[in-house]
Amino acid sequence: MLDLSYEAVMARKNEIMKKAVGIDYAVFEFGKIGFDYEGMMEKVAYSIPKMQAIQAEAKVGNTPLFELKNITKLVRKYSEPGKGARIFIKDEAANASGSFKARRAAISIYHAEKNGYKGAIAATSGNYGSAVASQAAQRGLKSIIVQEVYDSRKIGQPEILEKARKCEAFGAETVQLTVGPELFYVFLRLLEETGYFNASLYTPFAIAGVETLGYEIAEQVYSKEGKYPDVVVATNAGGGNLTGTARGLIKAGAVETEIIGASVDLSGLHMASDTDFNRKSFTTGHTGFGVPFTTLPDRSDVPRNAARVLRYMDRYVTVTQGDVFYVTELLSQIEGIERGPAGNTSLAAAIALAKEMDEDKIIIVQETEYTGAGKHSMPQLTFARRNGIEIRRGNPAENVPGKNIIIPENIGQIVVEDLEMKKLKRNYIKNAVGNKNITEITQKDLQFLKQDLKLQEEEVLKILKVYDVQVL
Amino acid sequence: MELATKNDWVEIENLILSPEERAPQLPEDTKAVPLKMWVKGFLLDEEAKIGDEVSIRTLTDRITKGILVAVKPRHIHDFGEPEPCLLTIGMEVRKELGNL
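Residues numbered from 1 in each chain as written. Chains lettered and ligands numbered in written order. Predicted model: local features only at pLDDT ≥ 70, side-chain atom pairs only at ≥ 80, totals over all residues. Heavy atoms only, no water.

Visitor: What exactly am I supposed to notice about the interface of chain B and chain A here?
Guide: Often, the extent of an interface is quoted as the loss of accessible area upon association of its parts. Residue-level contacts link 45 residues of chain B with 64 residues of chain A. The interface formed by chain B and chain A contains 10 salt bridges. The interface formed by chain B and chain A holds 26 residue pairs in polar contact (both at pLDDT 80 or more) in total. Of all the secondary structure elements, the ones that give two or more residues to the side of chain B that touches chain A are strand E2 (9-17), helix H1 (28-31), strand E3 (35-43), helix H2 (84-87) and helix H3 (89-98) of chain B. It is H3(B) that contributes the most residues to the side of chain B that touches chain A, seven residues altogether. (Contact = heavy atoms within 4.5 Å. Salt bridge = Lys/Arg side-chain N within 4 Å of Asp/Glu carboxyl O. Polar contact = N/O pair within 3.5 Å; in protein donor to acceptor, adjacent residues only side chain to side chain. Helix = DSSP H or I, 4+ residues; strand = E, 2+ residues; numbered from the N terminus.)

Visitor: Help me understand the sheet that holds strand E10 (residues 362-365) of chain A in this model?
Guide: In a beta sheet, neighbouring strands are held together by backbone hydrogen bonds and run either parallel or antiparallel to one another. Residues and elements named next belong to chain A. Strand order in the open sheet formed by seven strands is E1-E2-E10-E7-E8-E9-E13, with mixed pairing between adjacent strands. With one partner strand each, in any of the chains shown, strand E1 (65-67) and strand E13 (417-419) form the two edges of the open sheet. In this sheet, adjacent strand axes meet at a mean angle of 30° when their direction is disregarded. One ladder, built from four bridges, connects strand E2 (residues 86-90) with E10; its direction is parallel. Residue pairing in the sheet places Ile87 in a bridge with Ile363 of E10. Contacts between helix H10 (residues 204-225) and the sheet are confined to E1, E2, strand E7 (231-235) and E10, with E2 contributing the most and set at about 135° to the helix. (Pairing = 2+ DSSP bridges. Axes fitted to C-alpha atoms, helices over the stretch in contact; angles between N-to-C directions.)

Visitor: Would you take a moment to explain the pairing of strand E12 (residues 404-407) of chain A for this structure?
Guide: Each regular strand shows side chains that alternate between the opposite faces of the sheet. Residues and elements named next belong to chain A. Residue alternation in E12 divides its side chains into two sets, Asn404 and Ile406 and Ile405 and Ile407, and both sets are buried. As paired elements, strand E11 (residues 390-393) and E12 share four bridges and run parallel to each other. Within E12, the position partnered with Glu390 by the bridge is Asn404. (Buried < 20%, exposed > 50% of the residue type's maximum accessible area, 1.4 Å probe, protein only.)

Visitor: Teacher, can you tell me more about the packing of helix H6 (residues 101-114) of chain A against H10(A) here?
Guide: The description of two packed helices rests on the angle between their axes and on the distance between the axes. Residue and element names in this part refer to chain A. Put simply, H6 and H10 touch, their axes get as near as 7 Å, and they point 135° apart. Overall, the two elements H6 and H10 adopt an arrangement that is oblique. Every pair of crossing elements has a handedness; the one defined by H6 and H10 is right-handed. Residue-level inspection shows Arg103, Arg104, Ile107, Ser108 and His111 of H6 in contact with H10, the latter providing Phe205, Ala206, Ile207, Gly209, Val210, Thr212, Leu213 and Glu216. (Parallel < 35°, antiparallel > 145°, perpendicular 65-115°, else oblique. Left-handed = near helix turned anticlockwise from the far one by under 90°.)

Visitor: Where do I start with the domain arrangement of chain A in this structure?
Guide: All names here are of chain A. Domain assignment breaks chain A into domain 1 (6-49 + 99-200), domain 2 (53-98 + 205-419) and domain 3 (422-471). Between the C-alpha centres of domain 1 and domain 2 there is a distance of 23 Å. Counting residues at the interface gives 58 residues for domain 1 and 64 residues for domain 2. At the boundary of domain 1 with domain 2, total buried surface from both sides reaches about 5,100 Å², with 59% on carbon and sulfur atoms. Counting across the interface, domain 1 meets domain 2 through six salt bridges. Arg247 is the partner of Glu38 in a salt bridge, and the nearest nitrogen-oxygen pair spans 3.1 Å. The interface formed by domain 1 and domain 2 holds 27 residue pairs in polar contact (both at pLDDT 80 or more) in total. Among the residues making up the side of domain 1 that touches domain 2, the classes are represented as 32 nonpolar, 14 polar and 12 charged. (Domains from an automatic or database assignment. Buried area = accessible area lost by both parts, 1.4 Å probe. Nonpolar A, V, L, I, M, F, W, Y, C, P; charged D, E, K, R; others polar.)

Now the structure itself:
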């Protein structure tokens, strides 16, 4: 009889994963910390035309790109003369399951079916769950979605409850848990019990699946405007959205486009805390995921995370919860499209950024998500009020995550805060060497760090010196 | 007392880790409470009441056991209450646009 205790299952982690993902990550490893990222993406994932075909067959991709003319007009009212870039939005809610996550799931589930898996399991409380469920439904695979849903009183965010409902609507089994990273133990047990595919968010398939999004943006903007976008803003949590989009833009030729990551500022709230859990009005796209995944990408549920934002991200900015609720309202009230608030994190950032850009520039908000009961500003604010959060109009600069939500009085008050890129890169290296007590690395590791952090060699060497790491 | 009969759509609860068994790196508030799990499926027992240990067949055809906590569980999330801080935004910005 298999030992199902926490310790025993965690000790079998590597063999369970290998069987459930079917990728031998070891062949890409080298040195002390490096691995062949591009080699892995090339050998394991699929080409753009192949993925476009897979996605088209599964009701994914080719989503519309809309210019937000009224929002742009409003932005110019709050900009210096000549400033106020044109804002466009990629309407990813048009994908089969209502978000860009369908792109990732389409490739993962195609791959699972091709390799003879009877079902797929994903650990996610986000839109990816219903994306996997929707794709599995189409290919005749079973799906189990393991979700962190409730605090210890069995109270859950309306947004997460809605995502669970949607998974079930597509025929998935939802396994719902209270707060805690030991969700991973339950996840491993289910993989072992069922022999299903680990439809992780972080495999090369799942990341490459987003490349078509960046590719479409480049092509759509080019065909409308005769140039590539100046800036693309991507909401950043686990990193897949930004990484995949950036790779797709580059593959299409849009190599000069500035890539900006945006997260909702939830600093001060602990992600594994039972009491903080329901003090957040955003369950994803926030700094609680974005910052740790940026500085330690391999903390994911596969040995090597294919989402590596520091390779691509030029700037990383935060906005407040109140900003996002405000712009969600703008999108409905003056643009006539009602979309879920979480996906509008990058819209809030784009509005702030557009104010500083010349008016002939183009800034792209690269996703939207579906809306509905629970996944909507009103139930989220109702829930926040019930949890003792103060909600008022005012200047979002007074925002304190977990204490209040301040809805701006006008878009002039929406500004971004820059996270310091240098510090994020320093922390990445600190984590990479510190977690394994590494004191020396190879030349190949050094080359890997240069690419993984988009830094010059001397900059990497300078940081390594701070942590007493020698290059052999 | 709520009763369920065979093939009813039900929800079961399992205790996965007691507070003593929880991972060491957790914050104190989480470490003080158990890790619980809920799964839904069709009841396999002939009859059961809330609190009984039962078996269910899930949507993926798994058979699993746990304590019966709900019979025909509903999704009860909704569109919330009208939020005063949001209700006037549309009027405000349309006015601003009109004045441009």
